[in-house]
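Overview (structure and organization)
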2 protein chains.
Amino acid sequence: MSEPGRQKYVYAFEEGGRDQKYLLGGKGANLAEMTNLGLPVPPGFTISTDACKAYMALGDELPPGLMAEVAVARQQLEQKTGKLLGDADDPLLVSVRSGAPFSMPGMMDTVLNLGLNDNSVKGLAKQTQNERFAYDSYRRFVQMFGKIVLDVSGELFEEALHDLVESKSVSVDTELRAEDMAGLVDTFKGIVKSEAGVDFPTDPQEQLRYAVEAVFKSWNGRRARDYRRLERIPDDLGTAVNVQTMVFGNKGDDSGTGVAFTRNPSTGEHKPYGDFLKNAQGEDVVAGIRITEPLEAMSNEFPGPHMELLGLMKLLEDHYRDMCDIEFTIEQGRLFMLQTRIGKRTAAAALRMAVEMVDEGLIDTTEAVLRIQPAQLDQLLHPQFDPKAKFTVLAKGLNASPGAAVGKVYFTADEAEARHEAGELVILVRPETSPDDLHGMIAAEGILTSRGGLVSHAAVVARGMGKPAICGAEAVKIDLAGRTFTAGDTTVREGDVISINGTTGEIVVGEVPVITPEPSGPFGIILGWADGLRTLKVRTNADLPEDARKAREFGAEGIGLCRTEHMFLGDRLPIVQRMILADTPDDEAAALEELRAQQEADFEGILEAMDGLPVTVRLLDPPLHEFLPDHEELIVKQAKGEITEKELKLLHAAELWRESNPMLGTRGCRLGIIKPGLYRMQVRALMQAVVTRRRAGGNPIVEIMIPLIVSEPELRLLEQWTREEAGKVLRAANIEVDYLVGTMIETPRAALVADGIAEVAEFFSFGTNDLTQMTFGFSRDDVEGRFMSQYLENKLLSANPFETLDVEGVGQLVRMGCERGRATRADLKLGICGEHGGDPASVAFCHEVGLDYVSCSPYRVPIARLAAAHAAVGAGGPGASA
Amino acid sequence: MSEPGRQKYVYAFEEGGRDQKYLLGGKGANLAEMTNLGLPVPPGFTISTDACKAYMALGDELPPGLMAEVAVARQQLEQKTGKLLGDADDPLLVSVRSGAPFSMPGMMDTVLNLGLNDNSVKGLAKQTQNERFAYDSYRRFVQMFGKIVLDVSGELFEEALHDLVESKSVSVDTELRAEDMAGLVDTFKGIVKSEAGVDFPTDPQEQLRYAVEAVFKSWNGRRARDYRRLERIPDDLGTAVNVQTMVFGNKGDDSGTGVAFTRNPSTGEHKPYGDFLKNAQGEDVVAGIRITEPLEAMSNEFPGPHMELLGLMKLLEDHYRDMCDIEFTIEQGRLFMLQTRIGKRTAAAALRMAVEMVDEGLIDTTEAVLRIQPAQLDQLLHPQFDPKAKFTVLAKGLNASPGAAVGKVYFTADEAEARHEAGELVILVRPETSPDDLHGMIAAEGILTSRGGLVSHAAVVARGMGKPAICGAEAVKIDLAGRTFTAGDTTVREGDVISINGTTGEIVVGEVPVITPEPSGPFGIILGWADGLRTLKVRTNADLPEDARKAREFGAEGIGLCRTEHMFLGDRLPIVQRMILADTPDDEAAALEELRAQQEADFEGILEAMDGLPVTVRLLDPPLHEFLPDHEELIVKQAKGEITEKELKLLHAAELWRESNPMLGTRGCRLGIIKPGLYRMQVRALMQAVVTRRRAGGNPIVEIMIPLIVSEPELRLLEQWTREEAGKVLRAANIEVDYLVGTMIETPRAALVADGIAEVAEFFSFGTNDLTQMTFGFSRDDVEGRFMSQYLENKLLSANPFETLDVEGVGQLVRMGCERGRATRADLKLGICGEHGGDPASVAFCHEVGLDYVSCSPYRVPIARLAAAHAAVGAGGPGASA
């Protein structure tokens, strides 16, 4: 029946080991490891992931020969245990569990007591001398098998049980008798027959085949696929199936079951931790139906097994050199180990364990650093909904800026500011935000918008401020005039309290308790070790002195991107508009001069905050129309006859400067070239600030960055202007200052002609936000809400390229830019200032292509430091070498 | 004084030849050639372009040693002629002319009679026995030298002359006497002194130095630079200077001067052609002050020189194997050749000459093909303003679609259509056009818009129709309500006649005579020869059967881009809007079904027109909001309270679908993916048309093209859908049809991952319009009007990348796409359907990278055929190997 030379599909636990998780799944590999360590593991075997892959390749059919191999393994198991499946005297019963290479919710989990039928139930009754227990087990098996394997709605079984309880006039099912249970088995079989259209399989071999197929099928279930997409687990790994002899924790008061961790997974404390339940099966512990006791309580009633367990836990931790998560059962006084794995833990616990395990000599500092997933640190840097809190999610939006916030809803920036000043906590809710809303955003605890993507104004500004934000919450319909918003049937009024979780995108009506973690000692220790490992520098994107200071606290080694846009907003806006509307060069120059004086002070503040560290200042990037009122608003005013003389002038300017595709329009260096006074003014302001700082004894280090370059001559012209202006200021002050002039590489063309551009540029900073937009032709604001989810769902893209750098496409341009730039100028300084600079997988790529530094928002600096260390040790994320 | 081993700067005519135009300039090389042919050329020497390059390298200073070398050459010239510069008895006089490697207006042209001073003027008087002539020559020299070399305003001299004429009470200057002229010399010297701040140089050697410097300086004059930018002549070539013994055509009635062509430069007729003027200098012929006689007239008064001239012309043509343009002078009965070069000619003349020279055995067919510049053909394909017409240009816009048109101004499409139907010729004038204006554009002779760039709706549609259009004429202020437009002080009312020249962008009030060239026999012959040489196929971009037929007449070998957008416009628009507004899938499907039936007929028409040739059909590309009314118009209506129920629905849809950067938004395959019914409908309609055509005995060949692809899985999904739908239609009809499925490569990412995409695609078509936009980050609509001219002016770009493919940047991606695509699939069909497909330099690049075909608008097909032949022979334009 089986082809010659066909691969082996089934492995006894004795045949495997922990390194074989791709073949045996995580669970199977660890069961094998424990078996070979001599731990008391109930015997069993594992059907490998190869079988699952073959099943998928055949179009969802079990590969030929598989069930024959299973039959052989079953026979060996019968020999080992001295029991027979389906035996009427002393039947072998098994559990069937899925087990993928990576822990994966959403798949078929567990079927217990497989092997029960009308015959073997009698054997079970005989062995346990408990007929009620046997038939209860049988009806539970039919119920579980029907629901999980045959896809029958669980409610039907629950209803039938409920009806029986009522008809027997008892209060709970535990009061039902053995014959009631036997009747229930028949009722449940009837439900299976009518719902699944098949007779309940009584042949244990057939039960096994059904269960194996159900596990394989669940691998491609909707939830499993969603989970894999989210976690970037490849679809072709497949899952294994574990078949294991049943042991019973519910055989009486000398039995029990529990889960345990070798250390506290929540705090990291070095002390066994767990839950225990007497006379129960594992499911009861997990389901939380009965109240568990702490692990320590075992020592009274099960002193022997308790001691044995503690010993085994120590043995496992020493063997795995990490905190283990264990499931165990005591059957009539005898301890069995049912599962172990490296335990999940909170970020705080992970840090503490890692540091303590180094102290204990269990691991070295490099391994300690690798034990912490960079993305985990986010938990420690932002307030979070209390994990213990219960709440109902009203709606979800895009998780635009991490952290949680609670406050009263206000719909305008002015109102938000006023209420904030009156002492209220405020959530600013807007369709979208614009630079005009900045004061409201500063006043708010958090921001919620119904439109805009992850790179919308609200998202970018909020991330910069480290303030929670949810954007593009399309389910939220805002009625600005009515001062309410509606989601589904719920209407939220101005002043109502809501809670938002920017880490997950959840919006909740009312107050959810929020906890604010305090970065602990281990946090600093681990990051210190990480710093010792990494070669990439980590800078920050910061526009304001406060942000710069915050980032420095987090370990930033300079500013990789100081945007100067904000220096044109707020109370400067009227001056900027005067510049735009100027009728004569003199008027324009006068407005620019006014701006210069103010920007000089801005630059001084930033240079002071980053004294002694490099500060990369990007000259003005956005298009001019961003400094004018919205064209449409003015048009509407005009239509209504409500437009003022001044607004009419602004309307004409807005008309003149508006563009069909502003992303690809007159901004960055293009604006710099057609409005030469602008960049010259910025350079003068910056260099004067440098002079002032130097005179005050400071050590300002500046790198002037010119955005949106497409060609060498373009950069050459602007570099000349820059050096001319800087030279004038420095000569007048009689001060010598070294400074660099460089450019962003953010158009595909700049990467393609990087060899030429490096003739002029002293540094490159890859602006991967724009580079991604142009390489894909994706306007982030337009595509994230419209089709990105569908693209990810259908696997048309492997990841959102705005979150994780698209190594396959955009990455080629980055690599090209690096190689060609360095070919021209060997000491060219290379960095990245797109938001990818704070994404661990992208950081790994940045390390690989040889960047000097990454730059990211202040709150992602620790994450980037850790990710850079991982990259240096060669433990890049899945995107690193794709 | 001169460095050892320094290069030689000065060459006697005897030392050069026609191949040395880069060293000696075109004029100098040809003078040398004629000298060595033994033709009667007045002796002289050439200062090489190397001297000019050295001058520039030194920061506008004559290189050391140059004037010493000139002095030696001057002495040799004095020996050769037996005359001395500045001699009071028989002075040598010379002309000084610039001469660059390429003919270049805008540079210093000519100084005659150099060598005259208070001393030598006496010698000239003695030699000519004409004191008045001598002093007239002297005052002309001072005037010319002052104006051209010393930059003194010419008007001052004219005024002084005018004053003298008045004070002497004569009517014209020819009545002034010798002593009047002598006085004028002094007056002129005074003007020079006060204006230029220097004494008029009397030392001939000094005069020469001044003149040489003036030539070199003029190389970098504004007009010369502009011209070079336009003609893409490198700035570093430099110019030569020719110093040549003067001969006088104005020494009396036995003297004269003229210009001649060996064939008629206007018609190409094989017959000498030219103008002659007795007793005159060359300048008089060119200036057109006196009425010239035709060349034939010489035979009466100058029979000897005339015969000699005809002989020399024959000799020159045989030697140069091309039509020559000649300047000659007869001094006292003796013929001198002053200049020759390959003559400029009209397109019609070029074709006729090339064909006739092949007949005469002068050149072979390959050379004949190379003699025609592809861009020249445009003259023969569109109506043009009559070159003889005089007119005043009111304003200029962008030359959006070539050809000239005359008509009455109307401001709405409806009015334009109505007047057209009433028999009027109409020019449609709009701020910009939209698909709603299509019927008006069809009715109009030409289109004028005040907004929009070279890729605006008006421009693209007009080019497709082969209809003249001027776009983005910012000087034109349109008052739609008042039905007028104003440019400067001129107001044009509805119904007024204007003329527009879409080839130049000129707008003229009133009627300019227009001539419509008829492609002649030679046109077809040359293109036939070209077809024999080229390896690139030439297809057309055509959306309508009429366009396809026109293109086929012009030699198109298929359709490379059939856009399907128009199938959604006009009377289909309400159906499309119904589809967009559909509340249920059923409503959407019903609207799509209605569209399908109509599109099927469209496809039939196109397939019939291109029967037997491949037709590449692009599935829908534009975003949905293009099929909705303008958002702003609706908002204004709403503000005014004038919005209808239906418009309100449309407004909500417009709001839903509008985007910040539509170019980078939800269009092309992205729309195809989120609205699956759309592409499926188009495929069904197309394949049903194929079935119908096959049943009618036709041979339809289709290639289905999916736009805006960024990844392989994206294309794979759509290819599956396409094959599913096509399969259904063909199976139902029981017909077997081969068809290709391929994609546009128009995002940078598609080019970068072309290897993967070619796993699915059977052909690539490079959409270089979008590819250029995304590679540069230039939205064409926004940048062409805003900063492109400034970028070209400042040489930040070498050419407008939307006109000529940017080989340096975008070209890398095209090359990458070709190489990687063919690495995966060796027989991958490659084409280009951006507008570059009709640009000769870009065609050369397409040939070089190995494309199979180019596709361009119907009226550019002949140009592309010729350009492809040039490329195959290896005579690509300047952009070809850049």
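A quick note: this is a predicted structure, and the numbers were derived from the prediction, not measured. Along every chain, residues carry numbers that run from 1 in the direction the sequence is written. To label them, take the chains in the order written and letter them from A, then take the ligands in the order written and number them from 1. Given that the model is predicted, a residue must reach a pLDDT of at least 70 before its local features are reported, and side-chain atom pairs must reach 80 or more before they are shown or counted; all residues, however, enter totals for whole chains, interfaces and linings. As a convention, hydrogens and water are excluded, and side-chain values are obtained from all of the structure's heavy atoms.

**Quick word on the interface of chain B and chain A**
- Should any heavy atoms of two residues lie within 4.5 Å, those residues are counted as being in contact. Opposite the 54 residues of chain B that make contact, chain A presents 54 residues.
- For the pair chain B and chain A, the two sides together bury roughly 4800 Å², of which 56% comes from carbon and sulfur.
- When residues of chain B are sorted by the area they lose upon contact with chain A, Leu664, Arg749 and Arg786 of chain B head the list and together hold 14% of the total.
- By salt bridge we mean one thing: a side-chain nitrogen of Lys or Arg within 4 Å of a carboxyl oxygen of Asp or Glu. Connecting chain B to chain A are 8 salt bridges. By buried area we mean how much accessible surface two parts lose on assembly, using a 1.4 Å probe and totalling the loss over both.

**Concerning the relation of the copies chain B and chain A**
- Overlaying chain B with chain A gives an RMSD of 0.3 Å, the required rotation being 180 degrees about an axis along which the chain moves by 0.1 Å. As the rotation angle and translation indicate, the two copies are arranged about a two-fold axis. In terms of C-alpha distance to the rotation axis, chain B has asparagine 661 of chain B as its closest residue, with the C-alpha 2.1 Å off the axis.
- With an isologous cut-off of 70% or more, the 100% of interface residues of chain B that recur at the interface of chain A puts this contact in the isologous class. The copies were overlaid by least squares, fitting only the C-alpha atoms of residues that reach a pLDDT of 70 or more in each copy.

**Digging into helix α19 (residues 521-533) of chain A**
- In this text, helices come from DSSP runs of H or I with a minimum length of four residues, and strands from runs of E with a minimum of two, each type numbered from the N-terminal end. Expected helix span is taken as 1.5 Å per residue step, with the number of steps being one fewer than the number of residues. A rise of 1.5 Å per residue sets the reference length of α19 of chain A, with its 13 residues, at 18 Å; its end C-alpha atoms lie 19 Å apart and thus fit the reference within 8%.
- Looking at the buried residues of α19 of chain A, the elements they touch are α13 (347-359), α14 (365-370), α15 (378-381) and α34 (861-873) of chain A.

**Let's talk about the packing of helix α2 (residues 49-57) of chain A against helix α8 (residues 204-219) of chain A**
Residues and elements named next belong to chain A.
- Remark: α2 packs on α8, axes separated minimally by 10 Å, with the N-to-C direction vectors making an angle of 70 degrees. The angle between the axes of α2 and α8 places the two elements in the roughly perpendicular class. Between α2 and α8, the contacting residues are Ala51, Cys52, Tyr55 and Met56 on the first element and Glu213, Phe216, Lys217 and Trp219 on the second.
- Class assignment for the residues of the contact of α2 with α8 results in 6 nonpolar, no polar and 2 charged. In this analysis an axis means a line fitted to C-alpha atoms, helices contributing only their contacting stretch, and an angle means the value between N-to-C directions, from 0 to 180 degrees. Angular relationships are summarised with four words: roughly parallel below 35 degrees, roughly antiparallel beyond 145, roughly perpendicular across 65 to 115, and oblique for the angles in between. Residues were grouped as follows: Ala, Val, Leu, Ile, Met, Phe, Trp, Tyr, Cys and Pro as nonpolar; Asp, Glu, Lys and Arg as charged; and all remaining residues, including Gly, as polar.

**Description of a negative patch on the surface**
Residue and element names in this part refer to chain A.
- Taken together, Glu155, Glu158, Glu159, Asp163 and Glu166 make up a surface patch of like negative charges.
- Assignment of secondary structure puts glutamate 158 in helix α6 (residues 154-167).
- Relative accessibility under 20% of the residue-type maximum defines a buried residue, over 50% an exposed one, and the middle range a partly exposed one, all with a 1.4 Å probe and only protein chains included. According to the relative accessible area criterion, glutamate 158 is partly exposed, its value standing at 45%. Distance thresholds for patches are 9 Å for like charges and 5 Å for nonpolar side chains (Val, Leu, Ile, Met, Phe, Trp, Tyr), applied to residues having over 30% relative accessible area and no salt bridge. Residue burial considers only the protein chains on display, and all accessible areas are found by Shrake-Rupley using a 1.4 Å probe. Positive charges come from Lys and Arg alone, negative charges from Asp and Glu alone, with His and the N- and C-terminal ends not counted. We put the charge of a Lys on NZ, of an Arg on CZ, of an Asp on CG and of a Glu on CD.

**A short note on the packing of aromatic side chains**
- When the centres of two rings from Phe, Tyr and Trp lie within 6.5 Å, Trp using its six-membered ring, the rings pair. Their planes under 30 degrees apart give stacked, over 60 give edge-to-face, and anything left gives tilted. Summed over all chains, the structure comprises 39 aromatic pairs over all chains.
- Look at phenylalanine 261 of chain A and tyrosine 273 of chain A: their rings are 6.3 Å apart centre to centre, the planes differ by 50 degrees, and that puts the pair in the tilted class. Of this pair, phenylalanine 261 of chain A sits in strand β8 (residues 256-261) while tyrosine 273 of chain A sits in strand β9 (residues 273-278), placing them 12 residues apart in sequence.
- Judged by its relative accessible area of 37%, tyrosine 273 of chain A falls in the partly exposed class.
- Taken together through their ring pairs, the aromatic side chains of Phe141, Phe145, Phe200 and Tyr210 of chain A make up a single cluster.
- The side chain of arginine 539 of chain A reaches across the aromatic face of tyrosine 853 of chain A, ending 3.9 Å from its centre.
- Between the NZ or CZ atom of arginine 228 of chain B and the centre of the ring of tryptophan 219 of chain B, over which it lies, the distance is 3.8 Å. A ring is considered to have a charge above it if a Lys NZ or an Arg CZ atom is located within 6 Å of its centre and within 35 degrees of its normal.

**Thoughts on the sheet that holds strand β8 (residues 256-261) of chain B**
Residue and element names in this part refer to chain B.
- Here a strand pair is declared whenever DSSP counts at least two bridges between the two strands. Strand order in the open sheet formed by 5 strands is β10-β9-β8-β11-β12, with antiparallel pairing between adjacent strands. The open sheet terminates on both sides in strands that have one partner only, identified here as β10 (293-294) and β12 (334-342).
- With respect to the sheet, helix α12 (residues 303-320) is in contact with β8, β11 (324-331) and β12, its orientation differing from that of β12 by roughly 25 degrees.

**Let's talk about the pattern of salt bridges**
All names here are of chain B.
- Evaluation of the coordinates by the stated rule reveals 138 salt bridges over all chains.
- Across the salt bridge formed by aspartate 50 and lysine 53, the nearest N and O atoms sit 3.7 Å from each other. Placement of the pair is aspartate 50 and lysine 53 together in helix α2 (residues 49-57), with a separation of 3 residues, close to one helical turn.
- Judged by its relative accessible area of 17%, aspartate 50 falls in the buried class.
- A salt bridge links lysine 168 to aspartate 180, with the nearest nitrogen and oxygen atoms 3.3 Å apart.

**Some details on the environment of methionine 313 of chain A**
Residues and elements named next belong to chain A.
- Turning to its location among the elements, methionine 313 is positioned in helix α12 (residues 303-320).
- Assessed through its relative accessible area of 2%, methionine 313 is described here as buried.
- Not counting the four nearest positions on each side in its chain, methionine 313 is found in contact with Ala260, Phe261, Thr262, Pro272, Leu295 and Ile326.

**Quick word on the pairing of strand β29 (residues 701-706) of chain B**
Residue and element names in this part refer to chain B.
- Along β29, 5 of the 6 residues are buried, which leaves the element largely enclosed by surrounding structure.
- Here 5 bridges tie strand β28 (residues 614-618) to β29, and the two strands are oriented parallel to one another. Within β29, the residue paired with valine 617 across the bridge is isoleucine 704.
- Where β29 lies against strand β30 (residues 740-745), 4 bridges are found, and the strand directions are parallel.

**As for the sheet that holds strand β22 (residues 490-493) of chain B**
Residues and elements named next belong to chain B.
- As summarised here, the arrangement of the 3 strands in space is β20-β21-β22, forming an open sheet in which the pairing is antiparallel. Sheet topology places β20 (477-479) and β22 at the edges, where each strand pairs with a single neighbour. Direction aside, neighbouring strands of the sheet carry axes that sit 20 degrees apart on average.

**Describing the state of the cysteines**
- Counting rule for disulfides: a pair of cysteine sulfur atoms within 2.5 Å. Per the counting criterion, the structure on display carries 0 disulfides over all chains.
- In this structure cysteine 669 of chain A is not part of a disulfide, and its nearest cysteine sulfur, from cysteine 833 of chain A, lies 14 Å away.
- In this model cysteine 856 of chain B remains outside any disulfide bridge; the closest cysteine sulfur is found in cysteine 846 of chain B, 10 Å from its own.
- Looking at cysteine 856 of chain B, the relative accessible area reads 2%, which means it is buried.

**Some points on unusual backbone geometry**
Residue and element names in this part refer to chain B.
- The phi dihedral of glutamine 129 is positive, around 50 degrees, even though this residue is not glycine.
- With respect to the secondary-structure elements, glutamine 129 resides in the loop between α4 (120-128) and α5 (131-149).
- A positive phi angle, close to 70 degrees, is found at leucine 708, a residue other than glycine.
- Among the structural elements, leucine 708 can be located in the loop between β29 and α27 (712-733).
- The buried category is assigned to leucine 708, whose relative accessible area is 0%.

**Comments concerning the environment of leucine 92 of chain B**
All names here are of chain B.
- When you line up the elements, leucine 92 lands in strand β4 (residues 91-92).
- On the accessibility criterion, leucine 92 (0% relative accessible area) is buried.
- With 413 residues separating them in the primary sequence, leucine 92 and glycine 505 have C-alpha atoms 49 Å apart.
- Not counting chain neighbours up to four residues away, the residues in contact with leucine 92 comprise Leu77, Glu78, Thr81, Lys83, Leu84, Leu85, Gly86, Leu114, Gly115 and Thr245.

**Structural notes on the environment of threonine 768 of chain A**
Residues and elements named next belong to chain A.
- Along the chain, threonine 768 turns up in helix α30 (residues 768-776).
- Those residues within four positions of threonine 768 in sequence are excluded, and the remaining contacts are Leu805, Val814, Ile832, Gly834, Glu835 and His836.
- Distance and chemistry together define a polar contact, namely a pair of N or O atoms within 3.5 Å, with one atom able to donate a hydrogen and the other to accept it when in protein, and with adjacent residues in sequence counting only for side-chain atoms on both sides. A polar contact is formed between the side chain of threonine 768 and the side chain of histidine 836, at a distance of 2.7 Å.

Function cannot be inferred from these measures alone, as they are strictly geometric.
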